[in-house]
Amino acid sequence: MLKVFHTADWHLGQSFCGFDRDFEHAQFLEWLLASLESHQPDAMIVSGDIFDTINPSAVSQKRLYDFLSKVSRVLPEMQIVLTAGNHDAAARLEAPAPLLCSMNIHVVGTVVWNDQNEIEYDKFLIPIRNKQSEVAAIVLAVPFLRPSDVPYVQDASDPYLDGINEFYRKVTEAALKLASQHSPSPLLIAMGHCHVSGGDESRDSERRIIIGGSESIGVGTFNPEIVYVALGHLHKNQSFDQGRIRYSGSPIPLSFAESHYRHQVIKLTFSDNALVTAEELLVPRAVQLLKVPAKSCDVLSEVIHQLEALSIDESLTPEQYPFLEVRVREEGPDPARRRKIEQALEGKPLRLASIKVETPRSQADTDLLDTDLDQNALDWIQPEEVFLGAYEQKYESPPDASVMKAFHEVLQIVLHSEGTES
Ligand SMILES: [Mn+2]
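The rules behind the values
- All residue numbers refer to position in the chain's written sequence, counted from 1.
- Where local features are concerned, this predicted model is filtered to residues with pLDDT of at least 70; where side-chain atom pairs are given and counted, the filter is 80 or more; whole-chain, interface and lining totals use all residues.
- Secondary structure counts use DSSP, requiring at least four H or I residues in a row for a helix and at least two E residues in a row for a strand, with both numbered from the N terminus.
- Labels follow a simple rule on C-beta atoms placed from the backbone: if 20 or more others lie within 10 Å of a residue's own, it is buried; if 12 or fewer, it is exposed; otherwise it is partly exposed.
- Joined through C-beta atoms within 7 Å, a set of buried Ala, Val, Leu, Ile, Met, Phe, Trp, Tyr and Cys residues constitutes a nonpolar core.
- Throughout, a residue-residue contact means that the two C-beta atoms, derived from backbone geometry, are no farther apart than 7 Å.
- Under this scheme, a helix contributes an axis fitted over its contacting stretch, all axes are lines through C-alpha atoms, and angles between N-to-C directions fall in the 0 to 180 degree range.
- If an angle is under 35 degrees, it is roughly parallel; if it is over 145, roughly antiparallel; if it lies from 65 to 115, roughly perpendicular; otherwise it is oblique.
- Take the far helix as your reference; a near helix turned counterclockwise from it by less than a right angle gives a left-handed crossing, and one turned clockwise gives a right-handed crossing.
- The residue classification treats Ala, Val, Leu, Ile, Met, Phe, Trp, Tyr, Cys and Pro as nonpolar and Asp, Glu, Lys and Arg as charged. All others, Gly included, are polar.
- Whether two strands pair depends on DSSP finding at least two bridges between them.
- By the criterion used throughout, a crossover qualifies as right-handed when its path from the first strand across the helix to the second strand runs clockwise, the strands pointing away from the viewer.
- Summarising the geometry, the arc corresponds to the directions from the helix axis toward the C-beta atoms.

Novice: Explain the overall build of the protein here, please?
Specialist: Within the protein one finds 11 helices and 20 strands. Each of the 422 residues in the protein was classed as buried or not, and the buried ones make up 37%.

Below, the structure is given as structure tokens:
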């Protein structure tokens, strides 16, 4: 019997339309600590995006290390595996690994190549012990893989995707070899921070890994010998292959588009080398995300009416004030729009995070344009869309395949040089 917690996409240090989320993260970690204490798992795995940015604030770093130190005091035998996601600075996250290792905490961020220009796959193998101190599982702690992290595959149809497949093939091979040295044979649990095709995405907070569509891997990437695949990257909890492959989802909503998700941590139970149960432990919502109107949008006068009628619990402390997104249907330019909204909200225990204005142009695809407040809107616009629009405007025809290929090459270089922010 082996019990494992699976979570991902914490995004510590996230700034939400300019507001701090530290209170919510503190509440989540307090809840998580209490849940670990009551369920007593043998291990916890966190599949990437520990932090929201490559340069996390001192407060958010302290938040993580404070939590880890509490966990190791309360559950000294429990093993923790943390991997880097596309939002993390892989090498920086990994820097305290030697110190954390002595506390049963393993951090894997980077891919190391040896002198023979080969990847050392043993680095990604973390043996997990059960209560009887037997090696009951081997975790394949694969972090987010950048194009430069994957092995070269000859005659690849897509060097990056084929490289990821080859990486998992090789790391699984190494894990099976290690497993064969133990008796009884431990089960394999793989981690990943990637986009599995067919997954439900939230465009505004996950950030696409590779622009241009060829970024998602198939279920077949994961060898059937792997009993469970613990994924991060998509913030909505979802599973594939009869629950063998699963995104735990993020513990808090990272954008208004994610406010209706069920935020949870997965408690897995394995027995006789099989997954027996995957229990969803719901994370209590510390701060509400409100949308007015709740669905779609409305003309300003109607929205103002609804805002004035809002009744919010007056006993909330400022850090518990709900975040509000106001959604207005465009009726022509209105320089006073923002002021009218703020007036309607005066004295209410709320935090106005975003005003979205839906124009007739954007209505068709329900895309909302921002006004003056929400910087998130910029992240919605994909470089490819901008490029296609600009190209068509100039040449009055869409670009051909060779131009698109050149565009994606340049884009990769630019995104790569920006580091993990992309
Ligand atoms: Mn994420």
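Novice: I would appreciate a short explanation of the nonpolar core in the present structure.
Specialist: Here is a general trend for soluble globular proteins: nonpolar side chains tend to be buried in one another's company. One finds Val139 and Leu140 to be the most contacted residues of the largest nonpolar core, which totals 75 residues. Leave out the neighbours within four places in its chain, and Leu140 touches Phe124, Leu125, Val171, Thr172, Ala175, Leu188, Ala190 and Met191. Core analysis: the second largest hydrophobic core is formed by 17 residues, Val292, Leu307, Leu324 and Leu345 among them.

Novice: In this structure, what is going on with the packing of helix α6 (residues 300-309) against helix α7 (residues 337-345)? I would like to understand it.
Specialist: Pairs of packed helices are described in terms of their axes, by the angle between the two and the distance that separates them. Running from N to C, α6 and α7 point in directions that differ by 20°, and their axes come no closer than 8 Å. The angle between α6 and α7 places the two elements in the roughly parallel class. Seen along the crossing, α6 lies across α7 with a hand that is right-handed. Counting all contacts with α6, which are made through Leu300, Ile304, Leu307 and Glu308, the residues of α7 involved are Arg337, Lys340, Ile341, Ala344 and Leu345. For the contact of α6 with α7, the per-class residue count stands at 6 nonpolar, no polar and 3 charged.

Novice: Please clarify how the sheet that holds strand β12 (residues 226-232) should be interpreted in this entry.
Specialist: The strands making up a sheet associate through hydrogen bonds between their backbones, and the pairing can be parallel or antiparallel. Strand order in the open sheet formed by 6 strands is β7-β8-β9-β12-β14-β13, and the pairing between neighbours is mixed. A single partner strand is all that each edge strand has here, and the edge strands are β7 (125-129) and β13 (238-240). Taking each pair of neighbouring strands and ignoring which way they run, the sheet shows an average axis angle of 20°.

Novice: I keep staring at the sheet that holds strand β1 (residues 2-7) and nothing clicks. Help me out?
Specialist: Spatial ordering of the open sheet is given by β6-β5-β4-β1-β15-β16, a layout of 6 strands whose pairing is mixed. Edge positions in the open sheet fall to β6 (105-108) and β16 (274-282), since each of these has one partner strand only. On average, each strand axis in the sheet is inclined to that of its neighbour by 20°, with strand direction left out of account. Pairing of β1 with strand β15 (residues 264-271) involves 5 bridges; the strand directions are antiparallel. Residue pairing for β15: Phe5 is matched across the bridge by Lys267. Taken strand by strand, helix α1 (residues 22-39) contacts β1, β4 (43-47), β15 and β16, and its axis lies near 20° from that of β15.

Novice: Help me out: how do you make sense of the pairing of β4 in this one?
Specialist: Regular strands place their side chains on alternate faces of the sheet. β4 sits mainly inside the fold: 5 of its 5 residues count as buried. Where β1 meets β4, 4 bridges bridge the pair, whose relative direction is parallel. Opposite Val4, over in β4, you have Ala43 as the bridge partner. Pairing analysis gives 5 bridges linking β4 to strand β5 (residues 79-83), with the strands arranged parallel. Bridge pairing in β5 places Ala43 opposite Gln79. You can see the chain leave β4, run along helix α2 (residues 58-74) and come back into β5, and the turn it takes is right-handed.

Novice: Sorry, what's going on with the environment of Ile80 here?
Specialist: Relative to the helices and strands, Ile80 resides in strand β5. What makes Ile80 buried here is the crowd of 22 C-beta atoms within 10 Å. C-alpha separation for the pair Ile80 and Asn104, spaced 24 residues apart in sequence, amounts to 6.4 Å. With residues up to four places along the chain from it excluded, the contact list for Ile80 reads Met44, Leu68, Val71, Asn104, Ile105 and His106.

Novice: When you look at α7 in this model, what are you seeing that I'm missing?
Specialist: Residue pairs spaced three or four apart in an α-helix point in one direction, given the helix's 3.6 residues per turn. Among all positions in α7, only Arg337, Ile341 and Leu345 are buried. Looking down the long axis of α7, one finds its buried residues gathered within 65° of arc, a one-sided arrangement. Opposite the buried face of α7, by more than 90 degrees, sit the exposed residues Arg339 and Gln343. Remark: Gly347 follows α7 within two positions and exhibits a positive phi of approximately 80°.

Novice: Could you clarify how one ought to interpret the pairing of β6 in this entry?
Specialist: Side chains of β6 alternate between two faces, with Ile105 and Val107 and His106 and Val108 buried alike. When β5 meets β6, the two strands line up parallel, connected through 4 bridges. Of the residues in β6, the one forming a bridge with Ile80 is Ile105.

Novice: Looking at this model, I keep getting lost on unusual backbone geometry. Mind explaining?
Specialist: Negative phi characterises most residues that are not glycine, and trans characterises most peptide bonds. In this structure, the amide linkage connecting Ser183 to the following residue, Pro184, adopts the cis form with an omega of -5°. Relative to the assigned elements, Pro184 resides in the loop between α5 (159-180) and β9 (187-193). The linkage connecting Val292 with the following residue, Pro293, adopts the cis geometry, with an omega of -10°. Along the chain, Pro293 turns up in the loop between β17 (289-292) and α6. Of note in this structure, Asp155 is not a glycine but carries a positive phi near 55°. Relative to the helices and strands, Asp155 resides in the loop between β8 (135-140) and α5. Backbone geometry at Gln242 places phi at a positive 55°, although glycine is not the residue there. Among the residues examined, Gln242 registers 7 C-beta atoms within 10 Å and is labelled exposed.

Novice: Sorry if this is basic, but what is going on with α6 here?
Specialist: Taken together, the buried positions of α6 are occupied by Leu300, Val303, Ile304 and Leu307. Considered in projection along α6, the buried side chains sweep an arc of 100° and stay on one side of the axis. Looking at α6, the residues exposed on the side facing more than 90 degrees away from the buried face are Ser301, His305 and Ala309. Against β17, β18 (323-329) and α7 lie the buried residues of α6.

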